[in-house]
Amino acid sequence: MPTTSDTPVLDTLAAMTFDSIERCGMSEDMLILTRIAALAAMDAPTISYLAHIGPAVEAHVTASQLQDVLVAIAPIVGTARVMSAAGHITEALGIAIAVADAEIQAQVQGNGQ
């Protein structure tokens, strides 16, 4: 089957995520926190956490809730995975902030001309 998009992998992941959300009875914040726990358990890379920042903000997930999840899973997944997750989350937040700053700067420069 030929692809009709320039981003077939991203499109597929987005469709899977949408289907998962539509079929899940959890509240948005619990869904995101569960996914964060799963990412930590499998030692996911930074980009995986980055993909969840927008949905986490939209679901009003707090830093305290995120910390609670990492504390809760630590005895199961281990110190190394929790520390790795914390590092990846920090990196993802840094990337998200840098992208947002760049977008704001571009808007400011665009409005100033």
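The rules behind the values
Residues numbered from 1 in each chain as written. Predicted model: local features only at pLDDT ≥ 70, side-chain atom pairs only at ≥ 80, totals over all residues. Heavy atoms only, no water. Helix = DSSP H or I, 4+ residues; strand = E, 2+ residues; numbered from the N terminus. Expected span 1.5 Å × (residues − 1). Buried < 20%, exposed > 50% of the residue type's maximum accessible area, 1.4 Å probe, protein only. Contact = heavy atoms within 4.5 Å. Axes fitted to C-alpha atoms, helices over the stretch in contact; angles between N-to-C directions. Parallel < 35°, antiparallel > 145°, perpendicular 65-115°, else oblique. Left-handed = near helix turned anticlockwise from the far one by under 90°. Nonpolar A, V, L, I, M, F, W, Y, C, P; charged D, E, K, R; others polar.

Undergrad: Explanation requested: helix α4 (residues 63–77) in the structure shown.
TA: Note: α-helices contain 3.6 residues per turn, so residues at a spacing of three or four share the same orientation. Its 15 residues place the ends of α4 20 Å apart at the C-alpha level, agreeing with the 21 Å of an ideal helix rising 1.5 Å per residue. Turning to α4, its buried residues are Val69, Leu70 and Ile73. On its buried face, α4 is in contact with α2 (28–41) and α5 (79–112).

Undergrad: What am I meant to see in the packing of α2 against α4 here?
TA: Helix packing for two helices is described by the angle between their axes and how far apart those axes are. Two numbers describe how α2 lies on α4: the axes approach to 10 Å, and their chain directions differ by 40°. Viewed along their axes, α2 and α4 adopt a mutual orientation that is oblique. Here α2 runs over α4; the crossing is right-handed. Residues Asp29, Leu33, Ile36, Ala37, Ala40 and Ala41 of α2 form the contact with α4, whose participating residues are Gln65, Leu66, Val69, Leu70, Ile73 and Val77. Of the residues in the contact of α2 with α4, the class split is 10 nonpolar, 1 polar and 1 charged.

Undergrad: Looking at this structure, how should I read the packing of α2 against helix α3 (residues 46–58)?
TA: Two numbers describe how α2 lies on α3: the axes approach to 9 Å, and their chain directions differ by 165°. Viewed along their axes, α2 and α3 adopt a mutual orientation that is roughly antiparallel. As for the relative orientation of α2 and α3, their crossing is left-handed in sense. Contact with α2, carried on its side by Glu28, Ile32, Arg35, Ile36, Leu39 and Ala40, involves Ser48, Tyr49, His52, Pro55, Ala56 and Glu58 of α3 and no other residues of that element. Looking at side-chain class alone, the contact of α2 with α3 contains 7 nonpolar, 2 polar and 3 charged residues.

Undergrad: What am I meant to see in the environment of Val82 here?
TA: Tracing the sequence through the fold places Val82 in helix α5. Judged by relative accessible area, which is 13%, Val82 ranks as buried. Residues Val82 and Thr4, spaced 78 residues apart in sequence, show a C-alpha to C-alpha distance of 39 Å. Residues contacting Val82, with those up to four places away along its chain left out, are Leu70, Ile73, Ala74 and Val77.

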